[in-house]
Amino acid sequence: MTQPIRTIKANGLDFGYLSAGPDDGPLALCLHGFPDSAYSWRYLLPELAAAGYHAVAPFMRGYAPTEVPSDGAYQSGALAADANALHEALGGGSDAVLIGHDWGAIAAYSAAAHAPDRWRTVVTLAVPPVSAMLNAFFGYEQFKRSFYIFLFQTPLAELALTPDFIEGLWRDWSPGYAAAEDVAHVVQCLSEPANVAAAIGYYRALLDVSHHVPAYAEEQAAAGRKGERAILYLHGAADGALAADLVRDADQGLPQGSKMEIIEGVGHFLHLERPREINARILNWLT
């Protein structure tokens, strides 16, 4: 993707973002996860643009070139507030759509539940609704997969999150996928200690409510609701981060009219592993 990184102010932060398509088209906001960057959507953005959307992929809060928040807020409620503020700043209407992978999916669930009037529909990948994850981590095999979450609660986290560590996660989570380009983008986004601390901050806020900022209480509460907007949820059968067997009942946590699909032969970064197929599923859902 060769277009320049643009910037926009939303929710008090300067966000860097990639975009494609007409500025006056319906907004399609694409949110990335960890350890990833806005370039995760390099295959989807042109497809959305060709369908008439104003496709926007921001770098999430704390991921350079987006600003590191001074309040240290990384809870899902803050991410939801960012998504809804970006909708406002980018001139989105009620025909806007929201697409999220990994942490971007968590943000999408909360944002759509908190402000359903902003979003026509939602697509999420690789992480199910919070209600479907409550028991996901209590089996031995998933504990092993989730070791990094618990490592990130310790003072060793900042030392551990090296380029080699990032590359290892991609290798484990999407077996067989050549991730060198993606890893390079992540390393660039997390090249400064403040950015590394930000990426880890998402996980510290996940397990420790003392890291929650009260200003996002309403959005945080929305994370546990089904919401009103129908969701397409896609999960790779070979996902090495969150085993597909643990999310087979995730549709029970989705709003009425939603659809869940487990895609054979792909892992955690399914939209990068088989972009043509995953893009087609997303666009079919949107239309």
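Residues numbered from 1 in each chain as written. Predicted model: local features only at pLDDT ≥ 70, side-chain atom pairs only at ≥ 80, totals over all residues. Heavy atoms only, no water.

### Focus: the overall build of the protein
Secondary structure summary: the protein contains twelve helices and eight strands in total. Taken over C-alpha atoms, the radius of gyration comes to 17 Å for the protein, in line with the 19 Å a tight globule of 287 residues would show. Principal-axis analysis of the C-alpha atoms places the extent of the protein at approximately 45 × 40 × 35 Å. Taken over 287 residues, the protein has a buried fraction of 57%. Excluding contacts between residues fewer than 6 apart, the proportion of contacts in the protein whose partners are at least 24 apart in sequence is 75%. Summing over all exposed atoms, the protein offers an accessible surface of approximately 11,700 Å²; the carbon and sulfur share of this is 54%. Counting 18 positive and 32 negative side-chain charges, the protein places the averaged centre of each group 4 Å from the other. (Helix = DSSP H or I, 4+ residues; strand = E, 2+ residues; numbered from the N terminus. Rg over C-alpha atoms; globule rule 2.2 N^0.38 Å. Buried < 20%, exposed > 50% of the residue type's maximum accessible area, 1.4 Å probe, protein only. Contact = heavy atoms within 4.5 Å. Areas by Shrake-Rupley, 256 points an atom, 1.4 Å probe, with all protein chains shown as cover. Lys, Arg positive; Asp, Glu negative; His and termini not counted. Charge placed at Lys NZ, Arg CZ, Asp CG, Glu CD.)

### Things to note about the nonpolar core
Nonpolar side chains tend toward joint burial in soluble globular proteins. Among the nonpolar cores identified, the biggest contains 93 residues, and Leu-29, Phe-34, Leu-48, Ile-99, Phe-152 and Leu-161 are the most heavily contacted of them. At eight residues, helix α3 (residues 103–114) tops the list of elements feeding residues into this core. Setting aside residues up to four positions removed in sequence, Phe-34 forms contacts with Tyr-63, Asp-102, Trp-103, Tyr-148, Phe-152, Leu-161, Leu-169, Trp-173, Ala-199, Tyr-203 and Phe-269. Ranked by size, the runner-up nonpolar core spans five residues in total, among them Ala-73, Ala-81, Val-213 and Tyr-216. (Core = buried A, V, L, I, M, F, W, Y, C linked by side-chain atoms within 4.5 Å.)

### With respect to the environment of Asn-11
For Asn-11, the location among the structural elements is in the loop between β1 (6–10) and β2 (13–20). Judged by its relative accessible area of 29%, Asn-11 falls in the partly exposed class. Along the backbone, Asn-11 and Glu-141 are 130 residues apart, and their C-alpha atoms lie at a distance of 39 Å. The contacts of Asn-11, once residues within four sequence positions are left out, are Arg-61, Ala-78, Ala-81, Asp-82, Ala-85 and Tyr-216.

### A closer look at helix α2 (residues 76–89)
With 14 residues, α2 extends 20 Å from end C-alpha to end C-alpha; this agrees with the ideal 20 Å at 1.5 Å per step. Judged by how many residues are buried, α2 sits mostly within the fold: twelve of 14 residues are covered. If you check which residues of α2 are buried, you get Ser-76, Gly-77, Ala-78, Leu-79, Ala-80, Ala-81, Asp-82, Ala-83, Asn-84, Ala-85, Leu-86 and His-87. One or two residues past the end of α2 sits Gly-91, with phi positive at roughly 75 degrees. (Expected span 1.5 Å × (residues − 1).)

### Focus on the pairing of β1
Bridge analysis of β1 against β2 gives five bridges, and the strand direction is antiparallel. Along β2, the bridge assignment pairs Thr-7 with Gly-16. Between the end of β1 and the start of β2, which pair antiparallel, lie two residues, with Asn-11 showing a positive phi angle near 50 degrees. (Pairing = 2+ DSSP bridges.)

### Quick notes on the pattern of salt bridges
Tallying each qualifying case throughout the model produces 14 salt bridges. The partner of Arg-248 in a salt bridge is Asp-245, with the nearest N and O atoms 3.1 Å apart. When its relative accessible area of 42% is taken as the criterion, Arg-248 is described as partly exposed. Looking at Asp-245, the relative accessible area reads 60%, which means it is exposed. As a salt-bridge pair, Arg-281 and Glu-277 come within 3.1 Å of each other at their nearest N and O atoms. One end of the pair, Arg-281, and the other, Glu-277, are both in helix α12 (residues 275–286), four residues apart, so they sit about a helical turn from each other. Classification of Glu-277 by relative accessible area gives partly exposed; the value is 26%. Counted as one network, the salt bridges with shared partners bring together Lys-259, Glu-261, Arg-274, Glu-277 and Arg-281. (Salt bridge = Lys/Arg side-chain N within 4 Å of Asp/Glu carboxyl O.)

Spatial relationships are all this shows, so hold off on functional conclusions.
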